[in-house]
Amino acid sequence: MEVKKISEVKEELKAAKEEELPSFIETYEADMRPGVMKLVAQAKKSLEKLEAEMARIEQLKFYEKEYAQFGHVCGIDEVGRGPLAGPVVAGAVILPENCNILYINDSKKLTAKKREELYSVIMDQAVAVGIGMVSPQRIDEINILQATYEAMRQAIQNLSVTPDILLNDAVTIPDVSIRQVPIIKGDAKSISIGAASIVAKVTRDRLMEEYDAILPGYGFASNKGYGSAAHIAAIKANGPTPVHRRTFIKNFQ
């Protein structure tokens, strides 16, 4: 059998998918060339990380397994309670049983690139996804807490499949007849809530980037409506836009 050059083995490892790592290790483990031994060691390290991530995801399914007997389990989360501008957005996600999407986590712990990747996978694999969105004007009218509840109710209503139980990130949503389980820091403890947080975050971030294109000067693409120093300075210099929350910026006008 022709012995591959180390550069070729390196390219093979670079192109290998996660599930192909065991095969790569088996193929080259007996090759005693120092360069190949180093690549095999890298593959083993990557495989260890993969196995650790699979174990973490298995733990994230604790609540989903606990409540699977009731039927469709739905994770609920929101993003955008604190910004000075833009809507509050809620996500509701029903994942399939034995869902094995890796790297789901609290959206704040993920890079923007990773959130975008996971958003596509979640939207592709989920049983149902619902989005709720409440405008800055409505937030000013009813306050941010009530607006958050409203967005969550919208997200539930916008699901194509009716859930049988809701796993919520810390809150109990008023005026919802479906059984609810509030979980403190749920976006880091439940795969469904984590998925909902990613969907809500990506949806809102994309919207704020669109606002930046039509309302330049406030840095919405980078600050996502949060109160950065440059954003506050822009409000003081130019006044608010239609997407600013008037009750949030009283001290800056």
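(A) Broad picture of the pattern of salt bridges. Within this structure, the stated rule accounts for 15 salt bridges. A salt bridge links Asp205 to Arg115; the shortest N-O distance between them is 3.7 Å. Highlighted residues: Asp205 in helix 8 (residues 191-214) and Arg115 in helix 5 (residues 112-125), separated in sequence by 90 residues. Taking the shortest distance from any N to any O, the salt bridge between Lys224 and Glu209 comes out at 3.7 Å. Of this pair, Lys224 sits in the loop between helix 9 (220-223) and helix 10 (229-238) while Glu209 sits in helix 8; the two residues are 15 residues apart in sequence, bridging distant segments of the chain.

(B) Representation of unusual backbone geometry. With phi around 60°, Asp175 is a residue other than glycine that occupies positive phi space. By the secondary structure assignment, Asp175 is in the loop between strand 4 (165-169) and strand 5 (179-183). Assessed through its relative accessible area of 72%, Asp175 is described here as exposed. Notably, Lys224 is not glycine yet its phi reads approximately 55°, a positive angle.

(C) Quick peek at the layout of surface pockets. The computed volume of the largest pocket comes to approximately 270 Å³. Around the largest pocket sit 16 residues that line it, and Glu64, Leu95, Pro96, Glu97 and Asn98 are the ones nearest its centre. Those elements that provide at least two residues to the lining of the largest pocket are helix 4 (62-67) and helix 8. Residues belonging to the lining of the largest pocket are distributed by class as follows: eight nonpolar, four polar and four charged. Its volume calculated, the second largest pocket comes out at about 220 Å³.

(D) Expanded view of the packing of aromatic side chains. Taken as a whole and judged by the stated rule, the model has four aromatic pairs. Ring geometry for Phe24 and Tyr28: centres 4.9 Å apart, planes at 50°, overall tilted. Taken together, the residues span about one helical turn, with Phe24 and Tyr28 both in helix 2 (residues 21-28) at a distance of four residues. By relative accessible area, Phe24 is classed as buried at 3%. According to the relative accessible area criterion, Tyr28 is buried, its value standing at 8%. Measuring from ring centre to ring centre gives 5.7 Å for Tyr218 and Phe220, while their planes differ by 15°; the resulting arrangement is stacked. Taken as a pair, Tyr218 and Phe220 share a single burial class, namely buried.

About the cut-offs
Residues numbered from 1 in each chain as written. Predicted model: local features only at pLDDT ≥ 70, side-chain atom pairs only at ≥ 80, totals over all residues. Heavy atoms only, no water. Salt bridge = Lys/Arg side-chain N within 4 Å of Asp/Glu carboxyl O. Helix = DSSP H or I, 4+ residues; strand = E, 2+ residues; numbered from the N terminus. Buried < 20%, exposed > 50% of the residue type's maximum accessible area, 1.4 Å probe, protein only. 1 Å grid on protein atoms, 1.4 Å probe; cavity = no way out; pocket = protein on both sides within 12 Å on 5 of 7 lines; lining within 4 Å. Points joined across faces, edges and corners; volume = space filled by probe spheres on them. Nonpolar A, V, L, I, M, F, W, Y, C, P; charged D, E, K, R; others polar. Phe/Tyr/Trp six-rings, centres within 6.5 Å; stacked < 30°, edge-to-face > 60°.

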